[in-house]
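# Close look at the chain arrangement
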Amino acid sequence: MVLKVFFPSCCSSAESGILIGRWISEQNSAVILAVVHFPFIPAQVKQYLSEVQRVTKVSVSVLGSWSNSKQEKEESLSEFLEDLGTIFSHDPWIQISKEGDSNFWSCSTLQKHSNNPKEEEIILVYYDQRKVMLSHLHPPLDTAAFTDHKADDASKLAAIFDTVAKSKILFMTDRYDDGPIKLTHWQSDGVEASIIVELMKQASVPACMLLTFLLSLISGICRSRVLKFWPLSFLWSKLSTCEQLGHRLQHLQVISSNKKAQNHTQLMRKANIFVSLLIDVALGILLMSWLYRKNRIGHLADTLIPVADHVAEELQDLLQWLMGAPAGLKMNRALDQVLGRFFLYHIHLWISYIHLMSPFIEMILWYVGLSACLGLTVALCILSDIIALLTFHIYCFYVYGARLYCLKIYGLSSLWRLFRGKKWNVLRQRVDSCSYDLDQLFIGTLLFTILLFLLPTTALYYLVFTLLRLLVVIVQGLIHLLVDLIDSLPFYSIILRLCRSYRLAAGVKFRVLEQQDGKPLRLLMQINPLSYGSVVQTYRLPTYSCYPKDTWTSLCKKLFLGELIYPWKHKGEKQD
């Protein structure tokens, strides 16, 4: 049977001593965590290991001996290391020795309770203890293609990573401590720490308390009854800006929460939200500084009114074209004139409203520009709402045309069933047979003829305004796509993958260091980082915008029947 010994590369130059770690009997593997140097008292070592085992819940024990003789290996030291196996009752007793500056290592096992000891094949695997401890092993995303054999290998590998990660308290002592036990591990030369990080931790406590108080105050105002009245509740549910502010308010509550993250996923979620907020606010401040330079807001306000007038003039020309003979088509003149004048009157009202608001446009844009300090996503949502307000007349045209067209389509389908002697059963939601008298058939034929000949005129207006509405919806959809990208993209995880790829591990690979007869096979374990696509898929933040689940077939069916196509962003629905 093959015995696998995972040895930390930081201990390869350690002085002689005993090996402490965890024995995984299911895998016939030993995970070495540290080396205890001479001199030491065995009772103190056992007491120290029992304390570590109580805190970490990891069965840490003495697994064997380590010999690193600078000169030729002494016989007395060899006998002493073998005698240690009688004090520390572990079977098998692992003996690893390094002779001088040689690259050749010897590794053997001593079976205490076996009558017929067999020489086991030993594989010595070096691993970077710091990287393994700080990394997090991710399960595979494609579980369908994951066989039972691969799943077993992944569970074995996870046991090794968990052993090193849970033994963090073992690595908090260095050689400068005055304790009776001296250890060699990845932090034996000094515990890794940062003064800036410690100062930020101390300063974050009062900052989080203040932020929590402010957020609770804002949340209380948002939950008050004043905002539940009809005008305010309607605006809160329809405006993208209000929805985005509520979404960011929840993010701030998650960050400022005093509750400690229970696992790696919650910790990464908090970090991703924090970095996403920082990047969002930084981009918003850059946008705000660009807007307030060189009087760009004034130029934007001066451009907005001519653009609105130009759009209104183009719509008027379009309606005049529809009221004539569009593309040589013969329309119903009376209905054509009624619809054209109705829509022209709406455009006239819209132009009057725009010119009435023109003196205040620059002041409104000036205050709207200040909202960019809340983040680029808030500024983009305000832009989407401004586009919705500026194109409200197009939306009204679309709704009028769609309702009129839908009424005629359903009227024609109902009258067509009348010709065939059928009717729609509302209670059972099906088509049943029905007998009609002569008067009903005559009235039905008359109405069917009228609706059929008026349908081309209505369909033409509906087609034109549906295309205009879809153009506006596409622009708003692109804006919301950018907002969702900023909200959901795990920036911290991506930066971590870029700078410290070993922190996000997808697996490991092994490289052969030495393979010689009579010597243990020596391998180097290296961490395979998670791919960028898997990082985004694993740590993507939830958003509050969802896109239509309708297929292209159902969407075309809605357009053909005249059912309203609402904006692609639906409020109040959470998408993971």
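Residues numbered from 1 in each chain as written. Predicted model: local features only at pLDDT ≥ 70, side-chain atom pairs only at ≥ 80, totals over all residues. Heavy atoms only, no water.

With an unreviewed UniProt entry as reference, the protein is termed Phosphatidylinositol glycan anchor biosynthesis class Q, source organism Athene cunicularia.

This paragraph deals with the UniProt feature "transmembrane region" (unreviewed entry) in the protein. Taken from the UniProt record, the annotation "transmembrane region" (unreviewed entry) applies to residues 203-222, 273-292, 338-357, 364-391, 397-419, 440-464 and 470-495. Taken as a whole, residues 397-419 contains 100% helix and 0% strand, while its terminal C-alpha atoms sit 33 Å from one another. (UniProt positions renumbered as here; feature names shortened; annotations may be inferred. Helix = DSSP H or I, 4+ residues; strand = E, 2+ residues; numbered from the N terminus.)

For the rest of this paragraph, the subject is unusual backbone geometry. Even without glycine at this site, Lys294 takes up a positive phi of about 55°. Here Lys294 lies in the loop between helix H8 (264-291) and helix H9 (296-323). Since its relative accessible area comes to 69%, Lys294 is described here as exposed. (Buried < 20%, exposed > 50% of the residue type's maximum accessible area, 1.4 Å probe, protein only.)

Between its terminal C-alpha atoms helix H12 (residues 376-390) stretches 21 Å, which fits the 21 Å expected from 15 residues at 1.5 Å a residue. Within H12, the full set of buried residues consists of Leu376, Thr377, Val378, Ala379, Leu380, Cys381, Ile382, Ser384, Asp385 and Ile387. Considering only its buried residues, H12 is in contact with helix H7 (240-255), H8, helix H11 (361-370) and helix H14 (438-488). (Expected span 1.5 Å × (residues − 1). Contact = heavy atoms within 4.5 Å.)

With respect to the helices and strands, Lys408 occurs in helix H13 (residues 392-419). Buried within the structure, Lys408 lacks any salt-bridge partner; its nearest side chain of opposite charge belongs to Asp336, at an N-O separation of 11 Å. Dropping the residues within four chain positions of it, Lys408 is found in contact with Leu335, Leu451, Leu454, Leu455 and Thr458. (Lys, Arg positive; Asp, Glu negative; His and termini not counted. Salt bridge = Lys/Arg side-chain N within 4 Å of Asp/Glu carboxyl O.)

Okay, the pairing of strand E11 (residues 430-433) next. Bridge count for strand E10 (residues 422-425) against E11 is four bridges, and the pairing is antiparallel. The partner of Trp424 across the bridge, within E11, is Val431. Hairpin connection between E10 and E11: a loop of four residues separates the two successive antiparallel strands, and Gln429 in this loop has a positive phi of roughly 55°. (Pairing = 2+ DSSP bridges.)

Turning our eyes to something else, we now look at a nonpolar patch on the surface. There is a patch of nonpolar side chains on the surface, built from Phe360, Met363, Ile364, Trp366, Tyr367 and Leu370 and spanning about 600 Å² of accessible area. By the secondary structure assignment, Leu370 is in helix H11. (Patch = residues over 30% accessible without salt bridge, like charges linked within 9 Å, V, L, I, M, F, W, Y side chains within 5 Å. Areas by Shrake-Rupley, 256 points an atom, 1.4 Å probe, with all protein chains shown as cover.)

Turning our eyes to something else, we now look at the pairing of strand E3 (residues 29-37). Counting buried positions over the nine residues of E3 gives nine, a clear majority of the element. Both strand E1 (residues 2-8) and E3 contribute to a ladder of three bridges, which runs parallel. When the bridges of E3 are listed, Lys4 appears paired with Ser29. Relative to E3, strand E2 (residues 17-24) is paired through eight bridges, and the arrangement is antiparallel. Counterpart to Leu19 in the pairing with E3 is Val35. The hairpin formed by E2 and E3 contains four residues between the paired strands, and Asn28 there has a positive phi angle of roughly 55°. Examined bridge by bridge, E3 and strand E9 (residues 183-184) share two bridges and lie antiparallel to one another. What sits directly across from Val36, in E9, is Leu183.

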